[in-house]
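# Structural overview
Here are the chains, one letter per residue:
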Amino acid sequence: MVEHILVAFNFQCLFCLPVSSDTDEIPGIGQYEDFHTIDWQRDIARDRMRHRYIVKRKQNSLFDLVKGAHDAWSGWVCVLLVGLATGVVAGVIDIGASWMSDLKHGICPQAFWFNREQCCWSNNESTVSLDLGNCSQWLTWSEVLGQSREGAGAYIIAYLMYIAWALLFASLAAALVRMFAPYACGSGIPEIKTILSGFIIRGYLGKWTLIIKSVGIMLSVSAGLSLGKEGPMVHIACCIGNILSYLFPKYGRNEAKKREILSAAAAAGVSVAFGAPIGGVLFSLEEVSYYFPLKTLWRSFFCALVAAFVLRSINPFGNEHSVLFYVEYNNPWIFFELVPFVGLGIIGGVIAAIFIRANLYWCKYRKTSKLGQYPVTEVLVVTAVTAVLAYPNPYTRMSTSELIYLLFRKCGVTNLDDLCDYNRNFTDVKSAIDLASAGPKVYRAMWLLVLALIFKLVMTIFTFGIKVPCGLFIPSLCLGAIVGRIVGIGMEQLAFNYPTIWMFGGECSTGKDCITPGLYAMVGAAAVLGGVTRMTVSLVVVMFELTGGVRYIVPLMAAAMASKWVGDALGSHGVYDAHINLNGYPFLDSKEEFAHTSLAADVMQPKRNETLSVLTQDSMTVEDVEVLMKETEHNGFPVIVSRESQYLVGFVLRRDLNLALVQARRTLEGLRPNSLVLFVNSNVQQQPQPDSPPPLSLKNILDMAPITITDQTPMETVVDMFRKLGLRQTLVTHNGRLLGVITKKDVLRYVKQMDNEDPNSVLFN
Amino acid sequence: MWLKICVFLTVAFMASEISAQQATINYRCRCLCPNTDSNDTKAKQYTGIDVLPNQCDCDNVVLPQMNLTGEKAQGYCLRCDCKYENRNTTIIYVVVIIVMWIISLLVVYMLFLICLDPLLNKRVQNNYTEHTNEEEMPGGSEGVSHAMGVRSNVLNRVGHQQDKWKRQVREQRRNIYDHHTMLN
């Protein structure tokens, strides 16, 4: 819908912007300054003019024909490159992070670049255990230091080494972020959302941010902090998209067009993070993108595909998949199980609401108190506490991805872990896997998991927002998976003990394995993630691409929906929107409705008793313009016919005016402070007096089709126009005379004021 | 740039060197089987490294190591779970080396910026005039370049870029660590 309106407006605007080709443009026109919003209408109209110019010249020569062809396919080439680069970077991060994570436990002396799994690749020793190194090639630090593998001394050494490595990695990450690219900290998704909605943050998607975020996320994941690398992957992909878009001027020089590439890059980011290409496209559509025409959808699809393919061929985990916790299920589920699934959704929503509230409170505290002055110290303290508390519990000691894999996995005939310690009888080999009573180790594991749940929840609250790169997907998946697995084991034991009660409908009476606890873990994970981020469609698709089972879509949908409802009822925003609000980013949320009955006249600038700064079309001198620009700080000025009539001619941006004046001073001979500045065609003018200086014509920087409204327009309509057209400002008229201006900043401030929040918290220049 | 090329050459050279070593087995068939010993419930694993993908099953991997025969072997094998897996050791090696290089380069550069740069800058400060907004104004940097002379032009430009970058980072730091206007 949005794009149709945009198209309609572009046709209107085609003839209004005389700035046509690259040749006669003043350098710098069409760029924006830091912390400004872009004008979608203007940028898209500019691109259309450029395109027309290229099409028109196509017949002229072969070279122009090639140029036209290059222009046509450059979007696809750009997303292809973005996909390739994203896949490679994700592979590097996956391999590097898994290697450094295992470095906390020990080393592979034969080949130091192997992690534990790779080190024991060809190992043929028969017993397997998860918590100790499971082969003799892999040396734990206690063995390296000359102790034995087990025993109290070895435990203490391993404990201390674990803490020491964690602190080393975390301090490196914090120091690198602070030194080279402070923008690399955090998850990045709130900022990406804001940028895609048309905000400029210079350097946020730059080279240094890319490098430091990639290295930093490896380090902070390896430090064992309660965070994941999936959210930052979106930021990394967007950095790649931004850098590569400069290879194609069509995208690099046009902020609105660049956002098409960034949308595709965000899709590629999720695609490599979860090995879920379709989920990535839907994530980009549902969660981050603001302007998403069909063309962008196809490009995102292609980009996500390429990225997933590249990562899959790198095969970072050696399991033929792009994620560590890929599982494959094909057990059917019973209809009654929808009840516990919805229950998991409710629990997930509650956990998510607790998390968002507490995290927001802590972030606000950090922002306003003295704590914010010690970012590196804070990272170190959080790391130390995490490491000290995490090590004793085997489920928190392992990396979060491994824990999720363990929880998602189905217990087979071979159990690697306490979680699968059922009293199964293996003497009768012909029978299928039965329901079985849980052994004592399962109960022990459940206690440990409850402790892990509390620990992870508390630590994630304090971790999300410290000044290292940190994502939220993995911790929330983990929280949900723990809850889900516990509920799943409970259901399984219920079915084992009372196989014939009505709710199982006779499915469990034969004693075969009718309940899969791993599936509950999956549903629980989806529920918490859905509650935290308020994703629905993309979340379900990501989860089902993780399992490769279409039949679990309904349970996942039920849980995601329940968790979204509970989350919406308990707290109004998802975590990303909450952080956008906290930071005061200028993001006009299209999800919310504007429910006040004010008019444009109430919001418009200037207020009563103030004067509107305007330019006149043909009566101001260069000096007058310079004085006006010096005395005011507005980012643009309306141009009117004359001060008496106040009829509107157009709108000119401060930045463009500035550049044009500088350019004119350099190139135009005989420009004096008393030269007239003309915003109309000079031939309309009467002949100038012979002694007066030549006038300066600035018609080419004037936007002659500014969007106007009348002062009686309801604010609801105005907000809708800002959202759907991506406006930067609109002019308010009364009886055809110019009355004032409403900018995006005014709208955002007004919305904040109506919600009883501080209107000055909007970050804006 | 040169540094990057050097890194790549080193990596390529070392990668070809280690390919002869033993840590380069890229395929395996891993079978997990239940433990027949009733006291120990942990699974047993068997790994075959020289089997073809279509031969990755219990008969070819587990039984030769088990010396079980007949009915009992058949029954045992029903419980085994075999999976064929592959990896690429060269990619792992190259990636880990690159990661180590990048991290150490960054750390060295960081230490340089912390320790040496203030000392060097103190000397330059006198003949360096502060100028703002030169990214907006094309030609704004002309005055300085001319004053420094043509010979050191390239060096100058590098230094100039670095100053610009440093100013940007300082700005970012101010936004995040001091004013707390972003990324809280």
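All values reported here derive from a predicted model rather than from experimental measurement.

## As for the packing of helix α19 (residues 473-497) of chain A against helix α20 (residues 517-533) of chain A
All names here are of chain A. Following both chains from N to C, one finds α19 and α20 inclined at 140 degrees, their axes separated by 6 Å at the closest point. Regarding the angle of α19 to α20, the classification is oblique. Crossing of α19 against α20: the hand is right-handed. Split into classes, the residues belonging to the contact of α19 with α20 amount to 14 nonpolar, seven polar and two charged.

## A word on the interface of chain B and chain A
The interface is formed by 58 residues belonging to chain B together with 72 residues belonging to chain A. Of the roughly 6300 Å² buried at the junction of chain B and chain A (both faces included), carbon and sulfur atoms supply 64%. Contact with chain A buries area across many residues of chain B, yet R79, Y177 and N184 of chain B alone supply 14% of it, more than any other trio. Note that E117 of chain A is salt-bridged to R28 of chain B, the shortest N-O span being 2.7 Å. Scanning the region where chain B abuts chain A turns up eight residue pairs in polar contact (both at pLDDT 80 or more). If you list the elements that add at least two residues to the side of chain B that touches chain A, you get β1 (27-33), β2 (44-48), α4 (70-78), β3 (81-86), α5 (89-115) and α8 (153-178) of chain B. Tallying contributions element by element places α5 of chain B first for the side of chain B that touches chain A, with 17 residues. Grouping the constituent residues of the side of chain B that touches chain A by class yields 34 nonpolar, 14 polar and ten charged.

## Things to note about the nonpolar core
Residues and elements named next belong to chain A. With 226 residues, the main nonpolar core has F408, M543 and I742 as its most contacted residues. It is helix α6 (residues 152-180) that contributes the most residues to this core, 15 residues altogether. If sequence neighbours within four positions are ignored, I742 has contacts with A600, V603, M604, I709, V718, F722, Q729, T730, V732 and V747. Counting 21 residues, the second-largest nonpolar core is a separate cluster that includes L628, A660, L696 and I701.

## Brief notes about the side chain of R654 of chain A
Residues and elements named next belong to chain A. In this structure, R654 sits in helix α26 (residues 654-667). Here R654 occupies a buried position and makes no salt bridge, while the nearest side chain of opposite charge, E33, is found at 6.9 Å. One polar contact links the side chain of R654 to the main-chain carbonyl oxygen of M629, over a distance of 2.6 Å. The residues contacting R654, other than those within four sequence positions of it, are M629, T632, E633, H634, N635, G636 and F637.

## A few points about the sheet that holds β2 of chain B
All names here are of chain B. If you trace the three strands from one edge of the open sheet to the other, you get β2-β1-β3, paired in antiparallel fashion. Pairing within the sheet leaves two strands with one partner each, and these edge strands are β2 and β3. Neighbour-to-neighbour, the strand axes of this sheet turn through a mean angle of 20 degrees, independent of strand direction.

## A look at the packing of aromatic side chains
One pass over the full model with this rule turns up 29 aromatic pairs over all chains. A ring pair is formed by Y155 of chain A and Y159 of chain A, whose centres lie 6.0 Å apart and whose planes are at 70 degrees; its orientation type is edge-to-face. Placement of both Y155 of chain A and Y159 of chain A in helix α6 is noted, with a separation of four residues, approximately one turn of the helix. Between Y183 of chain A and Y204 of chain A the ring centres are 5.5 Å apart and the planes differ by 50 degrees, which places this aromatic pair in the tilted class. Placement of the pair is Y183 of chain A in the loop between α6 and α7 (189-196) and Y204 of chain A in the loop between α7 and α8 (207-222), with a sequence separation of 21 residues. What makes Y183 of chain A buried here is its relative accessible area of 1%. A residue is classified by how much of its surface remains accessible, and Y204 of chain A, at 0% relative accessible area, is buried. Following the ring pairs from residue to residue traces out a cluster consisting of F180 and W208 of chain A together with Y109, F112 and W165 of chain B. The ring centre of Y177 of chain B lies 4.7 Å from the NZ or CZ of R178 of chain A, which sits over that ring. R299 of chain A extends its terminal NZ or CZ atom over the ring of W76 of chain A, reaching a point 5.6 Å from the ring centre.

## A look at the confidence of the model for chain B
Residues and elements named next belong to chain B. Summarising the model, chain B shows a mean pLDDT of 71, and 64% of its residues fall at 70 or more. Considering each helix and strand of chain B separately, the mean pLDDT is smallest for helix α7 (residues 142-148), with a value of 44, and largest for α5, with 92. With pLDDT under 50 throughout, residues 15-21 is counted as low confidence; its partners more than four residues away or in other chains account for seven contacts. Here residues 127-148 scores under 50 on pLDDT; set against residues more than four positions off or in separate chains, the count is 21 contacts. Prediction confidence for the complex, expressed as pTM and ipTM, is 0.87 and 0.84 respectively.

## Looking at the confidence of the model for chain A
All names here are of chain A. Chain-level statistics for chain A give a pLDDT mean of 84 and a share of 91% at 70 or above. Within chain A, no element has a lower average pLDDT than helix α1 (residues 2-13), which sits at 40, and none a higher one than helix α9 (residues 230-245), at 94. This stretch, residues 1-23, has a pLDDT under 50; its non-local contacts, to residues over four places away or in other chains, come to 42 contacts.

## Section: the state of the cysteines
All names here are of chain A. Throughout the structure, instances matching the rule amount to three disulfides over all chains. Paired through a disulfide, C108 and C119 show a sulfur-sulfur distance of 2.0 Å. One disulfide, between C108 and C119, carries an S-S torsion of 80 degrees and so falls in the right-handed class. Highlighted residues: C108 in the loop between β1 (106-107) and α4 (116-119) and C119 in helix α4, separated in sequence by eleven residues. Accessibility assignment for this pair places C108 and C119 in one class, buried.

## What about the UniProt feature "transmembrane region" (unreviewed entry) in chain B?
The sites that carry the UniProt feature "transmembrane region" (unreviewed entry) are, in the present numbering, residues 91-116 of chain B. End-to-end, the C-alpha atoms of residues 91-116 of chain B are 36 Å apart, and along that stretch the chain is 96% helix and 0% strand.

## With respect to helix α21 (residues 537-547) of chain A
All names here are of chain A. With nine of eleven residues buried, α21 lies mostly within the body of the structure. Within α21 the residues assigned to the buried category are S538, L539, V540, V541, V542, M543, E545, L546 and T547. Summarising the contacts, the buried residues of α21 are in contact with α11 (255-274), α12 (277-288), α17 (400-408), α19, α20 and α22 (553-570). Backbone geometry just after α21 places G548 at a positive phi near 65 degrees.

## Some details on the environment of W362 of chain A
All names here are of chain A. One can find W362 in helix α14 (residues 338-368). Sequence separation between W362 and F464 is 102 residues; the distance between their C-alpha atoms is 9.6 Å. Excluding residues that lie within four positions of it along the chain, W362 makes contacts with L371, E378, I461 and F462.

## Structural notes on the UniProt feature "domain: CBS" (unreviewed entry) in chain A
Sequence positions flagged by UniProt for "domain: CBS" (unreviewed entry) are, in local numbering, residues 604-667 and 702-759 of chain A. Secondary structure over residues 604-667 of chain A splits into 38% helix and 23% strand, and the C-alpha atoms at its two ends are 38 Å apart.

## Here's the deal with a nonpolar patch on the surface
Residue and element names in this part refer to chain A. Among the surface-exposed residues, V342, I346, V350, I354 and L570 lie close enough to one another that they form a single nonpolar patch of about 360 Å² accessible area. Ranked by residues supplied to the nonpolar patch, first place goes to α14 with four residues. Counting through the fold element by element, V342 comes out in helix α14.

## Quick notes on helix α13 (residues 294-314) of chain A
In a regular helix each residue adds 1.5 Å, so 21 residues correspond to 30 Å; α13 of chain A covers 30 Å between its end C-alpha atoms and thus fits that length. Those residues of α13 of chain A lying buried are T296, R299, S300, C303, A304, V306, A307, A308, V310, L311 and I314 of chain A. Against the buried residues of α13 of chain A lie α3 (62-103), α10 (249-252), α11 and α12 of chain A together with α5 of chain B. N315 of chain A lies just past α13 of chain A and shows a positive phi near 55 degrees.

Procedures and definitions
Every residue gets a number counted from 1 within its own chain, in the order that chain's sequence is written. Whichever chain is written first is A, and whichever ligand is written first is 1; the rest continue in order. Only residues with pLDDT of at least 70 get local features here, since the model is predicted, and only at 80 or more are side-chain atom pairs given and counted; chain-wide, interface and lining totals rely on the full set of residues. Side-chain measures were taken over the full set of non-hydrogen atoms in the model, leaving aside hydrogen atoms and water. To get an axis, fit a line to the C-alpha atoms, keeping to the stretch in contact for a helix; angles then go from 0 to 180 degrees between the N-to-C directions. Helix and strand labels come from DSSP, where a helix needs a run of H or I of at least four residues and a strand needs a run of E of at least two; each type is numbered from the N terminus. Throughout this description, any angle smaller than 35 degrees is read as roughly parallel, any larger than 145 degrees as roughly antiparallel, any in the 65 to 115 degree range as roughly perpendicular, and the remainder as oblique. A crossing counts as left-handed when the near helix is turned anticlockwise from the far one by less than a right angle, and as right-handed when that turn is clockwise. Ten residue types, Ala, Val, Leu, Ile, Met, Phe, Trp, Tyr, Cys and Pro, are classed as nonpolar, four, Asp, Glu, Lys and Arg, as charged, and the remainder, Gly among them, as polar. Contacts are assigned to residue pairs with any non-hydrogen atoms lying within 4.5 Å of each other. Buried area, as used here, totals the accessible surface that two parts lose on assembly, with accessibility defined by a 1.4 Å probe and the loss added over both. Just to be clear on terms, a salt bridge is a Lys or Arg side-chain nitrogen sitting within 4 Å of an Asp or Glu carboxyl oxygen. Side-chain atoms alone can form a polar contact between residues adjacent in sequence; in general such a contact is a pair of N or O atoms within 3.5 Å, and within protein one must be able to donate a hydrogen while the other accepts it. As used in this record, nonpolar core signifies buried Ala, Val, Leu, Ile, Met, Phe, Trp, Tyr and Cys residues forming a set joined through side-chain atoms within 4.5 Å. Only protein chains enter the accessibility calculation, which uses a 1.4 Å probe. A residue is then buried if its area is under 20% of the maximum for its type, exposed if over 50%, and partly exposed in between. Positive charge is attributed to Lys and Arg, negative charge to Asp and Glu, and no charge count is given to His or to the chain ends. Should DSSP find at least two bridges between two strands, the strands are regarded as paired. Centres within 6.5 Å are what make two rings of Phe, Tyr or Trp a pair, Trp counting through its six-membered ring; a difference in plane orientation under 30 degrees is then read as stacked, over 60 as edge-to-face, and the rest as tilted. Should the NZ of a Lys or the CZ of an Arg lie within 6 Å of a ring centre and within 35 degrees of the ring normal, that charge is described as sitting over the ring. The quantity called pLDDT is the predictor's confidence in a given residue, expressed from 0 to 100. Pairs of cysteine sulfur atoms within 2.5 Å are identified as disulfides in what follows. UniProt positions are given in the numbering used here, feature names are shortened, and annotations may be inferred rather than shown by experiment. By definition, no residue in a patch forms a salt bridge, and every one has over 30% relative accessible area; like charges are joined within 9 Å, nonpolar side chains (Val, Leu, Ile, Met, Phe, Trp, Tyr) within 5 Å. Under the convention used here, a 1.4 Å probe and the Shrake-Rupley method define accessible areas, while residue burial counts only the protein chains that appear. What a helix is expected to span follows from its residue count: subtract one and scale by 1.5 Å.

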